[in-house]
Amino acid sequence: KKKGLPGTIRSQIAAMPIRRLPGGGLEVLLVTSRTTRRWIVPKGWPIKGLTDPEAAAREAYEEAGVVGHIVKEPAGRYSYWKRMSDHFVLCEVTLFLLDVERQLPTWAEQGQRESRWFSPEDAADLVDEPELASAIRNVSLASAA
């Protein structure tokens, strides 16, 4: 698969891991990116042989050690500039909700990233991408409904 030309938008998939709290609230799991250490949701490139929701669930498993039920309908979309070795590419990310059942004691990228549960309000404030922040705030409202 060849690299996109400058100006090409690349597609990525992401999981927004959530857990429901007793009493009806919820929390969102964020991870830090490996290079810039920003707070992000687990995300990556589509995976051959997997549907986009399955690929998003796989990313959450590798990056944050969480497993659960992935919702097949997208929870939102957002764009960001991904830093490559010598240039940036514009990525459009399709976001899928992951209802987390458990977090494993160890996982693939545990030593490379931090992961932490936040209230949706705090998570929305911590991420850089405005559209991702909106999607996080929306999930909080939807769950409260």
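Position numbers for residues start from 1 in each chain and track the written sequence from start to end. Local features are withheld for residues below a pLDDT of 70 in this predicted model, meaning they are given only at 70 or higher, and side-chain atom pairs are given and counted only at 80 or more; totals for whole chains, interfaces and linings count all residues. Hydrogens are left out, water is left out, and the side-chain values use all remaining heavy atoms of the structure.

Novice: Give a detailed account of the overall build of the protein chain, specifying residues and quantitative values.
Specialist: A run of DSSP states H or I qualifies as a helix once it reaches four residues; a run of E qualifies as a strand once it reaches two. Both are numbered from the N-terminal end. Within the protein chain one finds three helices and eight strands. In this setup the radius of gyration rests on C-alpha atoms only. A globule is expected at 2.2 Å times the number of residues raised to 0.38. Against the globule reference of 15 Å for 145 residues, the protein chain gives a C-alpha radius of gyration of 15 Å, in line with a compact fold. Think of it in three bands: residues with accessible area under 20% of the maximum for their type are buried, residues over 50% are exposed, and the middle band is partly exposed, with areas taken using a 1.4 Å probe on protein chains only. The buried share of the protein chain, reckoned over its 145 residues, is 43%. Reported accessibility uses the Shrake-Rupley method at a 1.4 Å probe radius. Residues are deemed covered only where the shown protein chains occlude them. Carbon and sulfur atoms form 52% of the exposed surface of the protein chain, whose accessible area is close to 8200 Å². Taking the average location of the 20 positive side-chain charges in the protein chain and that of its 19 negative ones, the two points are 6 Å from each other. When charges are counted, Lys and Arg contribute as positive and Asp and Glu as negative, whereas His and the chain ends are disregarded. Throughout, a charge is located at the NZ atom of Lys, the CZ atom of Arg, the CG atom of Asp or the CD atom of Glu.

Novice: Summarise the side chain of Thr94; cite the residues concerned and give the values.
Specialist: Counting through the fold element by element, Thr94 comes out in strand E7 (residues 88-103). The exposure class assigned to Thr94 is buried, which follows from its relative accessible area of 12%. The contact definition used throughout considers only heavy atoms, calling two residues in contact when any of these lie within 4.5 Å. Beyond its immediate stretch of four places on either side in the chain, Thr94 contacts Gln12, Ile13, Ala14, Pro74, Gly76 and Arg77.

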